[in-house]
Amino acid sequence: MILVGKLIYLDNAATTKVYPEVFEAMQPYFMENYGNPSSIYGFAAKSKKAVDDARKTIADFLGAKENEIYFTGGGSESDNWALKAAVEGYKKKGNHIITSKIEHHAILHTCEYLEKNGYEVSYIDVDENGVIKLDELEKAIKPTTVLISVMFANNEIGTIQPIKEIGEIAKKHDVLFHTDAVQAYGHVPINVEELGIDMLSASGHKTGGPKGIGIMYLRNGLKIGSFIHGGAQERNRRAGTHNVPGIVGFGKATEIAGRTLQERAEKESRLRDRLIDQILERVPHARLNGHRTDRLPNNVNISFQFIEGESVLILLDQQGICASSGSACTSGSLDPSHVLLAIGLPHEIAHGSLRLTLSEETTEEDVDYVIENIEKNVNRLRSMSPLYDDFVKNQK
């Protein structure tokens, strides 16, 4: 419930607002050019060209070839496809997958499913900043390893992984490398060739595009089969009628992202750092989660001792501020974030965490308003906390 006449949206890691240009580009493919791009008559040609154009835009953005881009229903589908199809396609080599302990649940729950079906999964530790331990990763590789799947940037704490180094390790041992780039796509430069990526997942709604559309990059030559069976769409690798408006929207959002990436990243990084510095300076017993510099330009994740993050969220909502305590996919869960536990936070501190993710529309005035209210809310909640009261007494 918003009790003030303003809205400051700082949950862009959960979803972003569709750009007006994206919405405009999508509109004709609902009621005017509504033909099925798989049809052979002339009316469908505009839809087919729109799909082809979007595929080229996305391929160019990633440094990939057009026939290496496959459209899916979103990041979770792409993640499922990468893992399940990889172990199926390379089962003659082995049944072992390596991932990290801080992956999105689209990866972790898929790994759990595969473990129940006879596959072996190694979960690699990260350091206190959320960076995967490369030595542990390489040591985990065995003759039966078919895939390494490590996310490009973490959706909760924003830490960017050493993707190029992981790609080099994978190539050295002849192992496939998949990265969940849902949070990174459109926010940091990605070139699949330079980084040694074999498979990549991304989603349209994290970067000004529509929901319900994603991509899978599959390097040419991989033995990766279909995940959804049925028709011959997507070169026989992903059945189902194309979501033409969504594909057009994703392509347009990618075009905008490529054109504005550097400018956006510079602005968001500056405001991000202002948020971090001011909160840590003005609110005692707070800590930044994630790498201080090797992080997404728009991500802030801070833990506050002696309070519950959910309580802060409720107060912020009343002040017109949209934030989160972590992944939107685990909203409502009483368990602390698996990401925060993996970087070494105890349960009680992990429960007091707040994630703020900015956009290019965020202003300095917004940031100052948020800082002021976070300080006020944390102080208010601590004034009612017996734990904080005991801490203060013990300090004296």
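Residues numbered from 1 in each chain as written. Predicted model: local features only at pLDDT ≥ 70, side-chain atom pairs only at ≥ 80, totals over all residues. Heavy atoms only, no water.

Q: Tell me about the sheet that holds strand β8 (residues 214–218), residues and numbers included.
A: With mixed pairing, seven strands are arranged side by side in an open sheet as β2-β8-β7-β6-β5-β3-β4. Strands with a single pairing partner mark the edges of an open sheet, and in this sheet they are β2 (69–72) and β4 (120–124). Recorded for the sheet is a direction-independent mean angle of 20° between the axes of neighbouring strands. Inspection of the sheet shows strand β3 (residues 96–100) paired to β4 by five bridges, in the parallel sense. Following the sheet pairing, I98 is matched in β4 by S122. (Pairing = 2+ DSSP bridges. Helix = DSSP H or I, 4+ residues; strand = E, 2+ residues; numbered from the N terminus. Axes fitted to C-alpha atoms, helices over the stretch in contact; angles between N-to-C directions.)

Q: Outline unusual backbone geometry, supporting the account with residue identities and numerical values.
A: Unlike most non-glycine residues, D174 shows phi in positive territory, near 55°. Along the chain, the position of D174 falls in the loop between α7 (163–172) and β6 (176–180). Classification of D174 by relative accessible area gives exposed; the value is 63%. For N236, which is not glycine, the phi dihedral falls at a positive 65°. (Buried < 20%, exposed > 50% of the residue type's maximum accessible area, 1.4 Å probe, protein only.)

Q: Let's hear about a nonpolar patch on the surface: which residues, and what values?
A: Residues Y34, Y41 and F43 make up a contiguous nonpolar surface patch of roughly 360 Å² in combined accessible area. Residue position: Y41 is located in the loop between α2 (28–31) and α3 (45–62). (Patch = residues over 30% accessible without salt bridge, like charges linked within 9 Å, V, L, I, M, F, W, Y side chains within 5 Å. Areas by Shrake-Rupley, 256 points an atom, 1.4 Å probe, with all protein chains shown as cover. Salt bridge = Lys/Arg side-chain N within 4 Å of Asp/Glu carboxyl O.)

Q: So what's going on with the nonpolar core? Residues and values would help.
A: With 55 residues, the main nonpolar core has L62, I148, F152, I190, I197, L200 and I215 as its most contacted residues. Considering each element in turn, this core owes the most residues, seven residues, to α3. If sequence neighbours within four positions are ignored, I190 has contacts with F61, L62, F152, A181, A184, Y185, L195, I197 and L200. Core analysis: the next-biggest nonpolar cluster, separate from the first, contains 28 residues, L288, F304, L315 and L316 among them. (Core = buried A, V, L, I, M, F, W, Y, C linked by side-chain atoms within 4.5 Å. Contact = heavy atoms within 4.5 Å.)

Q: So what's going on with the side chain of N80? Residues and values would help.
A: Inspection of the secondary structure puts N80 in helix α4 (residues 75–89). Within the structure, the side chain of N80 is placed 2.8 Å from the backbone oxygen of S76, a separation counted as a polar contact. For N80, the contacting residues outside a window of four places in its chain are A85, A106, T110 and F227. (Polar contact = N/O pair within 3.5 Å; in protein donor to acceptor, adjacent residues only side chain to side chain.)

Q: I'd love a proper account of helix α14 (residues 364–383), names of residues and values included.
A: Taking 1.5 Å of rise per residue, the 20 residues of α14 would be expected to cover 28 Å, and the 29 Å separating its terminal C-alpha atoms lies within 8% of that figure. Within α14, burial applies to D366, V367, Y369, V370, I371, N373, I374, N377, V378, L381 and R382. (Expected span 1.5 Å × (residues − 1).)

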